[in-house]
Amino acid sequence: TQLLEQSPQFLSIQEGENLTVYCNSSSVFSSLQWYRQEPGEGPVLLVTVVTGGEVKKLKRLTFQFGDARKDSSLHITAAQPGDTGLYLCAGFYGNNRLAFGKGNQVVVIP
Amino acid sequence: DVKVTQSSRYLVKRTGEKVFLECVQDMDHENMFWYRQDPGLGLRLIYFSYDVKMKEKGDIPEGYSVSREKKERFSLILESASTNQTSMYLCASSLTSGGDYEQYFGPGTRLTVT
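In what follows, the accompanying structure is described. Quick caveat, the model's predicted, so the values are computed rather than measured.

1. A look at the interface of chain A and chain B
The partner chain B presents 25 residues to the 21 residues of chain A that form the contact. Of the roughly 1800 Å² buried where chain A meets chain B, counting both sides, 48% is carbon and sulfur surface. Summed over the three residues of chain A that lose the most area to chain B, namely A:Asn96, A:Arg97 and A:Phe100, the buried surface amounts to 31% of that side. Here B:Asp59 makes a salt bridge to A:Arg97, at a shortest N to O gap of 3.8 Å. The tally of links between chain A and chain B comes to four residue pairs in polar contact (both at pLDDT 80 or more). Contributions of two or more residues to the side of chain A that touches chain B are made by β4 (32-37), β5 (44-49), β9 (85-92) and β10 (98-100) of chain A.

Right, here's the structure in full:
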């Protein structure tokens, strides 16, 4: 099993602040995905990063894939209460399987 | 709108009962997956299927079996439920090819075994 470590495990911030969460592994992945899961729902894909060093933006969310394709970060600018959720990173490791990290629980306080 | 549905949102069963969790997808996806999600442990793959009647063990298959008789339906079976199988169960589906391998998840079934 490929291991993905996410940090911090829990983060609580005020509305309007910025935050960054991290996903790290000792393994190289051909691609990494970020999902967001809201209470009582299944995870929903936010983005896939494929190329080392790649940066993708989704409105106020910025995703970066490390040069060595072992790590990724998610930066949220001016967080909103709607950004509250569990952010999961996942690495594709062949045979159509994804390895998931344990998640970053983000709470944005109005 | 793509959809993965699970037969129950909440389920309470007794120890030793046989439990069936059903998952249906309407996207003609080849791959289907069963995960369980526990606090502090994240999502762990139980079984997946890449075609009808085909299955592969995931990371934690013990105590579980699966069935895929039709492309759109993937069932998870707990032969004899135990209290340590109390968990949130998530079903997902994806295409085999196409690059992103996005997994589409159902809303989950919260199973309690008493």
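2. Concerning the pairing of β5(A)
Looking down a regular strand, the side chains alternate between one sheet face and the other. Counted residue by residue, β5(A) has five buried out of six residues, so it is predominantly covered. In this structure, the hairpin formed by β4(A) and β5(A) is closed by a connection of six residues, where A:Gly40 is found at a positive phi of approximately 80 degrees.

3. Quick look at unusual backbone geometry
The residue after A:Ser7, namely A:Pro8, is reached through a cis peptide bond having omega -10 degrees. Within the element layout of this structure, A:Pro8 appears in the loop between β1 (5-7) and β2 (10-14). Residues other than glycine seldom take positive phi values, yet A:Lys59 does so here, at roughly 55 degrees. At B:Lys53, a position not held by glycine, the phi torsion is positive, near 65 degrees. Along the polypeptide, B:Lys53 turns up in the loop between β5 (42-51) and β6 (54-57). Here B:Lys53 falls in the exposed class, since its relative accessible area comes to 57%.

4. Overview of the sheet that holds strand β7 (residues 64-70) of chain B
Residues and elements named next belong to chain B. If you walk across this open sheet you meet the four strands as β1-β3-β8-β7, and the pairing is antiparallel. Strands at the two margins of the open sheet, each flanked by one partner only, are β1 (4-6) and β7. The mean angle between the axes of side-by-side strands here comes to 20 degrees, regardless of whether they run parallel or antiparallel.

5. A word on the state of the cysteines
Scanning all chains against the criterion turns up two disulfides over all chains. A sulfur-sulfur separation of 2.0 Å characterises the disulfide bridge that pairs A:Cys23 with A:Cys89. Its S-S torsion of approximately 70 degrees makes the covalent link between A:Cys23 and A:Cys89 right-handed. Of this pair, A:Cys23 sits in strand β3 (residues 19-24) while A:Cys89 sits in strand β9, and the two are 66 residues apart along the sequence. Taken as a pair, A:Cys23 and A:Cys89 share a single burial class, namely buried. The residue that forms a disulfide with B:Cys23 is B:Cys91, at a sulfur-sulfur distance of 1.9 Å. Residues B:Cys23 and B:Cys91 share a disulfide whose torsion about the S-S bond is about -75 degrees; that sign makes it left-handed. A residue pair is termed long-range when its members are at least 10 positions apart, and B:Cys23 in strand β3 (residues 19-25) and B:Cys91 in strand β9 (residues 87-94) qualify at 68 residues. Across the pair, exposure class does not vary: B:Cys23 and B:Cys91 are buried alike.

6. Description of the pattern of salt bridges
What the rule picks out here adds up to nine salt bridges over all chains. As a salt-bridge pair, A:Glu54 and A:Lys56 come within 3.8 Å of each other at their nearest N and O atoms. The exposure class assigned to A:Lys56 is partly exposed, which follows from its relative accessible area of 31%. Within the structure, one salt-bridge network assembled from shared partners comprises B:Arg36, B:Asp38 and B:Arg44.

The rules we used
Residues numbered from 1 in each chain as written. Chains lettered and ligands numbered in written order. Predicted model: local features only at pLDDT ≥ 70, side-chain atom pairs only at ≥ 80, totals over all residues. Heavy atoms only, no water. Contact = heavy atoms within 4.5 Å. Buried area = accessible area lost by both parts, 1.4 Å probe. Salt bridge = Lys/Arg side-chain N within 4 Å of Asp/Glu carboxyl O. Polar contact = N/O pair within 3.5 Å; in protein donor to acceptor, adjacent residues only side chain to side chain. Helix = DSSP H or I, 4+ residues; strand = E, 2+ residues; numbered from the N terminus. Buried < 20%, exposed > 50% of the residue type's maximum accessible area, 1.4 Å probe, protein only. Pairing = 2+ DSSP bridges. Axes fitted to C-alpha atoms, helices over the stretch in contact; angles between N-to-C directions. Disulfide = S-S within 2.5 Å.

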